Amino acid sequence: MRLFVIELRKERRTGVFLVFPSAGVLGAVYAFLVFHLRKDTLLSLPSAPMDILLTQLCGIMTVFNLFGIITAACMVCHMEFQGGAAKKMAALPVSAGAVYFCRFLILSMLLLAAAALQNLALLWIGRTDLPQGAFVLGTLLRFAGYVFLAAMPVLSFMVLLASCLQNMWVPLGVGVAGFLTGMAFADTEQPLFLLHPFVVMLKPAAAMNAKPDIAVVIAAIVETAVFLCMGFWLTEKSHYE
């Protein structure tokens, strides 16, 4: 717990506590504006109102969160490489793997806060603008959990890259390339592309309905665990070198 608090104080100095709330607010504002400007057009689509609400507004929210993840991971880890801070921390009697895990946990909590802001906007829209009786809270909660879980592989992958590479521009470039290739293959039905963490994150936004895809859920859990374990092992290994 003490190590978590220390890491929390350290990350407050990087500015990441502004990145995710900004992504959450921008996503929420976007949802309000788009739905109110295109309400009649959206509700005339041949889909259930809940599917329209969630799938039509999920895309840009996911993009905001994705770039929030890329930016936050690069900012947090870049600070530790400045002035040899990472080497100085290696001399301390603390587990480098535990520090890595605390960093991942904090960023996950910040991403969850951003997602909560966005889903509160969807909740408000659903209760006030959807046809009478069309809004289903359980569907919103299930889809929100699905979208958050789908974002975990990208978060764990970016934290892994940023923790291993001292030049901040390399993981930043990889993140942008991942976003572009993820956008290109997000709507493909080939299971092989689920090995791409950015495709997994963008899958809910590319879907035509709000029903979670079991294959995406499994891919998200497996990839998150793999990237997290790799980051833990590599951090511990470098700690003793």
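Read on for an overview of the structure. Since we're looking at a predicted model, the values are computed, not measured.

Concerning the environment of Val216
Now for step 1: Looking at where Val216 falls in the secondary structure, it is placed in helix H10 (residues 214-239).
Now for step 2: When the C-alpha positions of Val216 and Glu236 are compared, they lie 30 Å apart, and in sequence the two are 20 residues distant.
Now for step 3: Contacts of Val216, omitting those with residues within four sequence positions, involve Tyr146, Ala150, Leu194, Val200 and Lys203.

Describing the packing of aromatic side chains
Now for step 1: A complete count under the given rule lists 5 aromatic pairs for this structure.
Now for step 2: Geometrically, the ring pair formed by Phe157 and Phe198 is edge-to-face, given 6.3 Å between the ring centres and 90° between the ring planes. Here Phe198 lies in helix H9 (residues 197-206) and Phe157 lies in helix H7 (residues 137-164), a separation of 41 residues in the sequence.
Now for step 3: Exposure remark for Phe157: the relative accessible area of 17% places this residue in the buried category.

Thoughts on the packing of H7 against H9
Now for step 1: Taken N-terminus to C-terminus, the directions of H7 and H9 make an angle of 160°; their axes are 8 Å apart at the nearest point. As far as their axial angle goes, H9 and H7 are roughly antiparallel. Considering the relative orientation of H7 and H9, their crossing is left-handed. Each of Phe143, Tyr146, Val147, Ala150, Ala151, Pro153, Val154, Phe157 and Met158 in H7 lies in contact with H9, whose residues at this interface are Pro197, Phe198, Val200, Met201 and Pro204.
Now for step 2: Classifying every residue of the contact of H7 with H9 gives 14 nonpolar, no polar and no charged.

Procedures and definitions
- Residues numbered from 1 in each chain as written.
- Predicted model: local features only at pLDDT ≥ 70, side-chain atom pairs only at ≥ 80, totals over all residues.
- Heavy atoms only, no water.
- Helix = DSSP H or I, 4+ residues; strand = E, 2+ residues; numbered from the N terminus.
- Contact = heavy atoms within 4.5 Å.
- Phe/Tyr/Trp six-rings, centres within 6.5 Å; stacked < 30°, edge-to-face > 60°.
- Buried < 20%, exposed > 50% of the residue type's maximum accessible area, 1.4 Å probe, protein only.
- Axes fitted to C-alpha atoms, helices over the stretch in contact; angles between N-to-C directions.
- Parallel < 35°, antiparallel > 145°, perpendicular 65-115°, else oblique.
- Left-handed = near helix turned anticlockwise from the far one by under 90°.
- Nonpolar A, V, L, I, M, F, W, Y, C, P; charged D, E, K, R; others polar.

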